[in-house]
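# Remarks on the overall topology
This is what each chain is made of:
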Amino acid sequence: MLAVLPFLGQYASGEGEGKLVSFIPVEQEVERGLEAFLKRSIQEAEDEGADHIVLEINTPGGAVNAADNIATIIKSTEVPITAYVADRALSAGAYIALNADQIIMEPGALMGSAAIIDQSGNTAGKKAESFWHAAMKSAAELNDRDPKYALAMADPDVDLPNYNAPKGELLTLNGEEAVKVGYAEGMAEDRTELLNLLNLKDAEVSDAEVSIAERIARFVTNPIIIPILLSIGSLGLVLELYSPGFGVPGFMGAGALLLFFFGHMIAGFAGWESLLLLIVGVVLIVVEISIPGFGIFGVLGAVGVVASIVLASGQSMQYILLAVLIAVAVTVGGSYLFIKIFGYKGFFKKIILSDATKSDQGYVSNTTRDELVGLEGVAVTPLRPSGIADFGDERLDVVTEGGFLSAGTEVKIIKTNGSRVVVRAC
């Protein structure tokens, strides 16, 4: 036995030697930018010949569509993937973890609370809930886990009082509970313990880095940030029309829109065609403003701008159209306030007729000549009921009270109102 021990020690110390483990962070909210980052990182790990991939998960959850796409990416790779829950894997994060080949949790880490909600924080509706419950159940069954716990994470109607999840509450498992119910294969305090559990303690480790461009992409593809960027972009460009030259509002508007398209291009959702469509749309709108016509250029321009945003967003049609409507509402409201406070300025001043012929400037459309009342004259033409009458010094256009008078009839002015002179037969 003493003779064999040195050889056993030599074997144990060489566990994982010559192998490569790639650590990929899954942090912050789950959105389309994270999806693009994970797709690139997993592909690079495969290209580098990684023997194992570890997803270090610490997320409060996020978008269901992004989580579903990430799950597809995880399941499509042949490299073994371990989900290491370093702090929390909630909501969409729990779904991502369940799709990995195995789950290791840090002591004190949490996993669960995966109800599906909309952007307003309300339940997303029966259809969406049904899809999400089926997806959570399928993810659990993928690695022979009891699906009732996954359903309890997503459905408050599942009753699990022994795990602080009675009916009406969502299930959230800590590390010990996850191991007990078979949802985690073990617990590890840090990477060293994790690699020991995976029998890869002497393996080479590589870390996937989030580039600056990807950080920007993750920021601008956040569902909360998208309507803000679109609102700043549209309002900034409209307010730029109030001032001569190109100033701060113009730079803010153009910068917000370029940031939106740049981030989505980096994330892989937008192509040059969407940016080109945006430019064409803006040009058509400018043409419509500069050369007023039947509105066809303006309509085509607006359609082009909206279509470019929809193509570039990578979001659901319903959500991105809502974001566009929010941007339109903000732009209309902001423009109204500026016009109300500052009036028409800049480009708008050039295309809007603001001159007026006011009476205080000497412009008078007509004057009521009260001094004519009582004058007598003769009808020069038949009055039917209007015509011409001669009052000695001048001839006037007159009108009777309604009856017809023949030429030569003596008449008297009984009333004047502006240019209207009313006569009656004497």
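Not measured: the values here are computed from a predicted model. (Residues numbered from 1 in each chain as written. Predicted model: local features only at pLDDT ≥ 70, side-chain atom pairs only at ≥ 80, totals over all residues. Heavy atoms only, no water.)

Another aspect to go through is the overall build of the protein chain. In terms of helices and strands, the protein chain carries 15 helices and 13 strands. Burial status across the protein chain gives 41% buried among its 426 residues. (Helix = DSSP H or I, 4+ residues; strand = E, 2+ residues; numbered from the N terminus. Buried < 20%, exposed > 50% of the residue type's maximum accessible area, 1.4 Å probe, protein only.)

On to the sheet that holds strand E11 (residues 395–400), then. The five strands are arranged E9-E10-E11-E13-E12 in a closed barrel whose pairing can be described as mixed. Direction aside, neighbouring strands of the sheet carry axes that sit 55° apart on average. In this structure, strand E10 (residues 386–390) lies alongside E11, joined through five bridges in antiparallel fashion. Across the sheet, residue Gly-387 finds its bridge partner in E11, namely Val-398. (Pairing = 2+ DSSP bridges. Axes fitted to C-alpha atoms, helices over the stretch in contact; angles between N-to-C directions.)

Attention now goes to the confidence of the model for the protein chain. A low pLDDT means the predicted coordinates there should not be read in detail. In this model, the protein chain carries an average pLDDT of 82, and 83% of its residues clear a pLDDT of 70 or more. Of all the helices and strands in the protein chain, helix H1 (residues 5–13) carries the lowest mean pLDDT, 43, while strand E4 (residues 102–105) carries the highest, 96. (pLDDT = per-residue confidence, 0-100.)

Throughout the structure, instances matching the rule amount to three aromatic pairs. When the centroid spacing of 5.8 Å and the interplanar angle of 75° are considered together, the rings of Tyr-149 and Tyr-183 count as edge-to-face. A residue pair is termed long-range when its members are at least 10 positions apart, and Tyr-149 in helix H6 (residues 147–154) and Tyr-183 in the loop between helix H7 (175–180) and strand E7 (186–187) qualify at 34 residues. Comparing Tyr-149 with Tyr-183 shows no difference in burial state: the two are buried. (Phe/Tyr/Trp six-rings, centres within 6.5 Å; stacked < 30°, edge-to-face > 60°.)

Cis geometry is found at the peptide bond from Arg-384 to Pro-385, where omega equals -10°. Positive phi is not limited to glycine here, since Asp-144 has a value of about 60°. Within the secondary structure layout, Asp-144 lies in the loop between helix H5 (126–141) and H6. The exposed category is assigned to Asp-144, whose relative accessible area is 76%. At Asn-199, a residue that is not glycine, the phi angle is positive and equals roughly 60°. In this fold, Asn-199 is placed in the loop between helix H8 (191–197) and strand E8 (204–207).

Here the focus is the pairing of strand E9 (residues 376–379). Here E9 pairs with strand E12 (residues 410–417) via three bridges, running antiparallel. Residue pairing across strands places Glu-376 opposite Lys-412, the latter belonging to E12. The antiparallel hairpin formed by E9 and E10 contains six residues in its connecting segment.

The biggest cluster of nonpolar side chains holds 59 residues, and the ones touching the most others in it are Leu-55, Ile-103, Met-111, Met-136, Met-153, Leu-171 and Tyr-183. Non-local contacts of Met-111, meaning those with residues more than four positions away in its chain, are made with Ala-89, Leu-90, Ala-94, Ala-97, Ile-103, Met-105, Met-153, Leu-171, Thr-172, Leu-173, Ala-178 and Tyr-183. (Core = buried A, V, L, I, M, F, W, Y, C linked by side-chain atoms within 4.5 Å. Contact = heavy atoms within 4.5 Å.)

Before going further, it helps to examine the packing of H5 against H6. Relative to each other, H5 and H6 sit at 145°, their axes nearing to 8 Å. Crossing geometry of H5 relative to H6 is assigned as right-handed. Contacts from Trp-132, His-133, Met-136, Lys-137, Ala-140 and Glu-141 in H5 reach Pro-147, Ala-150, Leu-151, Met-153 and Ala-154 in H6. By residue class, the composition of the contact of H5 with H6 is eight nonpolar, one polar and two charged. (Left-handed = near helix turned anticlockwise from the far one by under 90°. Nonpolar A, V, L, I, M, F, W, Y, C, P; charged D, E, K, R; others polar.)

Time to look at a nonpolar patch on the surface. Residues Ile-224, Ile-228, Ile-232, Val-248 and Met-252 make up a contiguous nonpolar surface patch of about 460 Å² in total accessible area. Secondary-structure elements contributing two or more residues to the nonpolar patch are helix H10 (225–240) and helix H11 (248–266). Along the chain, Val-248 turns up in helix H11. The exposure class assigned to Val-248 is exposed, which follows from its relative accessible area of 58%. (Patch = residues over 30% accessible without salt bridge, like charges linked within 9 Å, V, L, I, M, F, W, Y side chains within 5 Å. Areas by Shrake-Rupley, 256 points an atom, 1.4 Å probe, with all protein chains shown as cover. Salt bridge = Lys/Arg side-chain N within 4 Å of Asp/Glu carboxyl O.)

Turning our eyes to something else, we now look at the pairing of E11. If you look at the hairpin formed by E10 and E11, you'll find four residues sitting between the two strands, and Gly-392 has a positive phi there, around 85°. As paired elements, E11 and strand E13 (residues 420–425) share two bridges and run parallel to each other. Bridging from a neighbouring strand, Thr-400 pairs with Val-423 of E13.

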